[in-house]
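Here are the chains, one letter per residue:
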Amino acid sequence: MGLLAIGTPLEWPEAKKVASHVRSWGIEQLLAIWRDYKGKERDALLWGDEIEYLVVCYDQNNHKVRLSLRQADILAALATDEKLLAEGGGVPDVQTGDTKGIANPAPVFHPEFGRFMLEATPGKPWGIGFKDLLDVEPNMKWRRKIAREHMEASEFPITLTTFPRLGNKDTLIPDYPPSGPKLRSQFVPDEIANPHIRFPTLAANIRWRRGRKVQVNVPVFKDENTPWPWKDPTVNYDLHNWPEDDDVRNGAAPDNFIHMDAMAFGMGSCCLQITFQAKNIEEGRTMYDQLSPLGPILLALTAATPIYKGFLADTDVRWNQISRAVDDRTPEELGEQPLKNDRWRLPKSRYASNSTYISQDPRLRKEYLDPDLIVDEDLKKRLIEGGMDNALATHFAHLFIRDPIVVFNEDLKELDLTKADHFENLQSTNWQHMRFKPPPIGSEIGWRVEFRPMEIQITDFENAAFSIFIVLITRAILSFNLNFYIPITRVSENMETAHIRDAVSSQKFWFRKSPFPAQPASRSNGPGTSTPANMPSRPPTPGPVEDEYEQMSVNEIINGQNKEGGFPGLIPLVESYLNSMNVDVETRCDLATYLDLIRKRANGTYWTAAKWIRNFVQTHPDYKKDSVVSDEITYDLVKAAEQITKEEGHDGLGKEMLGSRR
Amino acid sequence: MKLVLSTSNIMSGGPSVMRRPFFEKSNTELTSSLRSNFTNQQGSPTQSGPSYKSWTTQADGALYIPTHEPSPLTEPRESYDITVKLFYLPNIPADRRCAQTREAIELVLKELGSKSIDLLIVSFPGISFDADDEDSDLEDPPSAPQSTSEGCDESEVPPEDIETMAATWKTLETLHSEGLVSKLGIAEFGVARLQKFLEHTAIRPSVNQINVRDCCVVPKPLILYAKQQQIELLTHNDCTNILPRGTLRQILGSGENGSGVLASESNKDGLRGDVAPQWVVKYTAVVKDRGVVENKGYFAVAELRE
């Protein structure tokens, strides 16, 4: 997450007044970018991964682990490390070294929303040379090593999605009292967020716009000794510091749910995100559409989030918690009150699965689109007047139904078409599971697509495996011209399914039966093909959309259906792609270990991190079968995660997730 | 008469590019993509099928099945890596290979609208790679149905001697010096064969292709030797015996899955004679900096003898 310019942010009532203004300037900036770059062609495949860490701090003597809030100190240390700078690394927001002439520049580090988080990216983007792919895992390990070296001896950068006891007393170091003016959370202090003015403002204005605190409620896992109905014992009903303290007295914390009330509970989660550069805008739009249906499948397959606020949850992934943690919808937009002041009811949070397909692909049937999609018709009209086609205009006019949350006074003086600040204001606060990214103005960078649903994994081996798998899938999609379209509302349904405990083994997901054309394709290459007279020039009218897809297990989607004409499986598709490429034996062997991990996660041989963590808790001597994840368990769990990060299962710990490999 | 069978671009052709690990042998990519291209060109497959003459073309003493239409590459030549793999077939006199090689390359260059290829790999009949039986270090071997060569039919002939291969190699060296081919390669050579072979080469192979089944158990000596000789070991999943006896007869015949080119009881109109396969060539054009396979296909050439 890059930081936008510093300035004076408007408080919500003021920001609200200028929302339309920011939106219309954002649309003008988008049109300017689109006009300049729509013809950009033949960009190479470049891609990057982002690894996010939690910084934990061990208190060995008391067998306690806390989140360290020293993000700023760690970044300062990274930004001033002469050796790191000389190798081309650093902190882009502060300073980085010159990468010119450095074949393998050092990684770079970024702040994140949580003050206990750190993000690291490679020093230069990856290409598609297969040997490049093998640099990914060592680079991820290098990043963690560098991060670790700039921390205190008691600290460690860990890749768990969430800190198991975040929101409990005495889980932060240094510690601060909760109930600050920005978040008004009864569980976490304002100091939990990155102090850059953008972040507290974001949190405060979301709360303000919403008219109450965010409500992040996760169903609690019911174990043998879990009291039922279960009432979250950490909720304080007698707090009277802020008007929002009434929320819990007004039913914000229902029975049988773990209750959380601040952006930090969601945006403090660590994810594994991959961004690809497309050859041109069309290829980018194709990748956006074709990767969309894979989102929920990869979410289920990377599930790693079974604990919140010291309790076992009944779900396995982070997604909906982040969604609720930044949900700025008003009661009217949520449908709780009749529409009076607001413009429409909004079925989804700003952080949600995506709701549009954007390609001009003839295979995109109108039945795949959401008939109830909310769009800002005026802005769409403006985009179309400006020359944009309907599909893309609809997409952006859909993103622009939201209000800008953080508006800097200084930016409102005049419209600057050489900047993208207003456009990015809305674009980057629409957190959907795919993001379609126009080129940054004035750069050589092309149109990009970001794949956002995956959960961070405990080891760099796994993170490399999933990153590389997604890269290879995109190459297979483009090479075989694969078609994964299903109605977008089914993708949203799948996203919900992915939350269910052990969805990877227990659930089925809507998926397209065949990624290939229904009829043998006509000879599409070469103009002026002379087809025999009796040959249909177009495939026959397609049948009902409902016949194109069915429910499949993750195993069937990843490894293929064991029946004639069944879905071939993403891994066999990737292998078929690799068989068409010149890959050297050592590279192929390493790629095979990555694909093998994914194959075995999908078929249940290996456990997801969520399943492993759940098992770790439930078999811990301190666990009382009451859903409570104590300090003691958390300490051992985080220690175990650190050990797995280092040993990768070689010593037996975590072998259920990783196998006894290499 | 010569028969030139082609698949056209199989990348967008759908299922035929996918091996179905559960049902099919691995060398079906060629045969199923030939079939699917024929069906495609014949039009409606439900009727008894039009005469082969409507979808094939006779020119220069050859019958093109189906009528061949080139699909030239869309981007400038330097964007691509073009790899061609030529399969010499068993029981064909080696002295024909010079002409066969040129013919194969010409067909590929015409198909792709290109003037040169980057890598030409030749596959000699009868060779199959034997990884040493050393135990793998892997306690937990990959579960992949990766293995492909067990799906291949047994080789019909023993490998030929080094001198014959070396004679063929001379042809390839000529193509290289003419600038038609930038790099040369071989397939399935173990250390011993490779050592002997290298003594006979003026232009050394840059590539030795090994079946992917063995990619994690390729013997260390071969890896070291290849490194030392600067020969890149690449993976593939082709059968050396790419066109088992009788396959073409089936594809061209009038039975089930046949295309009705050859005469039969029900197809008096068809061609008569014995089909003798001569060679098979596979080509792949990859957009280098995007890793996208833009065009991949096969030509198979046979003699029809009255």
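Residues numbered from 1 in each chain as written. Chains lettered and ligands numbered in written order. Predicted model: local features only at pLDDT ≥ 70, side-chain atom pairs only at ≥ 80, totals over all residues. Heavy atoms only, no water.

Our working definition: UniProt positions are given in the numbering used here, feature names are shortened, and annotations may be inferred rather than shown by experiment.
For chain B, the name recorded in an unreviewed UniProt entry is GCS light chain, with Didymella heteroderae as its organism. Annotation of chain B in UniProt includes, under Subunit (unreviewed entry), the sentence "Heterodimer of a catalytic heavy chain and a regulatory light chain."

By the naming in an unreviewed UniProt entry, chain A goes by Glutamate--cysteine ligase and is assigned to Didymella heteroderae. The record in UniProt for chain A states the following under Catalytic activity (unreviewed entry): "L-cysteine + L-glutamate + ATP = gamma-L-glutamyl-L-cysteine + ADP + phosphate + H(+)". Per its UniProt entry, chain A bears the Sequence similarities (unreviewed entry) comment "Belongs to the glutamate--cysteine ligase type 3 family."

### Side note on the overall build of chain B
Our working definition: Working definition: helices are DSSP H or I runs of at least four residues, strands are E runs of at least two. Numbering for both runs from the N terminus. Under the scheme applied here, a residue whose accessible area is under 20% of the maximum for its type counts as buried, over 50% as exposed, and between as partly exposed, the area being computed with a 1.4 Å probe on protein chains only. Any two residues whose heavy atoms approach within 4.5 Å are treated as being in contact. Areas reported here follow the Shrake-Rupley algorithm with a probe of radius 1.4 Å; residue values treat only the protein chains shown as occluding.
When you go through chain B residue by residue, the secondary structure sums to six helices and 10 strands. Residue burial in chain B is summarised as follows: out of 306 residues, 57% are buried. For chain B, restricting intrachain contacts to residue pairs at least 6 apart in sequence, the fraction spanning at least 24 positions comes to 74%. Total accessible area on chain B stands at roughly 12,900 Å², and carbon and sulfur atoms take up 48% of it.

### A look at the environment of Ala391(A)
Tracing the chain through its elements places Ala391(A) in helix α14 (residues 390–399). In the structure, Ala391(A) is positioned 32 residues away from Ser359(A) in sequence and 6.9 Å away in space, judged by C-alpha atoms.

### Quick notes on the packing of aromatic side chains
We count it as follows: Ring pairs are drawn from Phe, Tyr and Trp, using the six-membered ring of Trp, whenever the two centres fall within 6.5 Å, and their geometry is named by plane angle: stacked under 30 degrees, edge-to-face over 60, tilted for the rest. Charge-over-ring placement is defined geometrically: NZ (Lys) or CZ (Arg) within 6 Å of the ring centre, and within 35 degrees of the ring normal.
For the structure shown, the criterion picks out 25 aromatic pairs over all chains. Considering the side-chain rings of Phe189(B) and Phe197(B), the 5.2 Å spacing of their centres and the 70 degrees angle between planes classify their relative orientation as edge-to-face. A relative accessible area of 0% means that Phe197(B) is categorised as buried. Aromatic side chains Tyr283(B) and Phe299(B) sit 5.7 Å apart centroid to centroid with 35 degrees between the ring planes, which places their arrangement in the tilted category. One end of the pair, Tyr283(B), is in strand β9 (residues 274–287); the other, Phe299(B), is in strand β10 (residues 292–305), with 16 residues separating them in the sequence. By relative accessible area, Tyr283(B) is classed as buried at 0%. By relative accessible area, which is 1% here, Phe299(B) ends up buried. Counting every residue linked through ring pairs, the aromatic cluster contains Tyr88(B), Phe124(B), Trp169(B), Phe189(B) and Phe197(B). Over the aromatic face of Phe199(A) sits the side chain of Arg198(A), whose NZ or CZ is 5.7 Å from the ring centroid. Directly above the ring of Tyr88(B) sits Arg97(B), whose terminal nitrogen or CZ lies 4.6 Å from the centroid.

### A closer look at the packing of helix α9 (residues 281–291) of chain A against helix α16 (residues 460–480) of chain A
Residue and element names in this part refer to chain A. In plain terms, the rule: Here an axis means a line fitted to C-alpha atoms, over the contact stretch when the element is a helix, while the angle between two N-to-C directions is reported on a 0 to 180 degree scale. Just so you know how the angles are binned, under 35 degrees is roughly parallel, over 145 roughly antiparallel, 65 to 115 roughly perpendicular, and the rest oblique. Helix crossings are classified by the rotation of the near helix relative to the far one: an anticlockwise turn of less than a right angle makes the crossing left-handed, while a clockwise turn makes it right-handed. When residues are grouped by polarity, Ala, Val, Leu, Ile, Met, Phe, Trp, Tyr, Cys and Pro land in nonpolar, Asp, Glu, Lys and Arg in charged, and all others, Gly among them, in polar.
Between α9 and α16, whose axes approach to 11 Å, the crossing angle comes to 115 degrees. As summarised for this structure, α9 and α16 are arranged roughly perpendicular, according to the angle between their axes. In terms of crossing hand, the pair formed by α9 and α16 is right-handed. Residues Glu283, Met287, Gln290 and Leu291 of α9 touch α16, and the partners they reach there are Ile473, Thr474, Arg475, Ile477 and Leu478. Counted by class, the contact of α9 with α16 contains five nonpolar, two polar and two charged residues.

### Overview of the pairing of strand β19 (residues 549–553) of chain A
Residues and elements named next belong to chain A. Rule in force here: When DSSP locates at least two bridges between a pair of strands, those strands are taken to pair.
By the criterion of burial, β19 is predominantly enclosed, with four of the five residues buried. Pairing of strand β18 (residues 508–512) with β19 involves five bridges; the strand directions are antiparallel. Bridging across to β19, lysine 508 finds its partner in serine 553.

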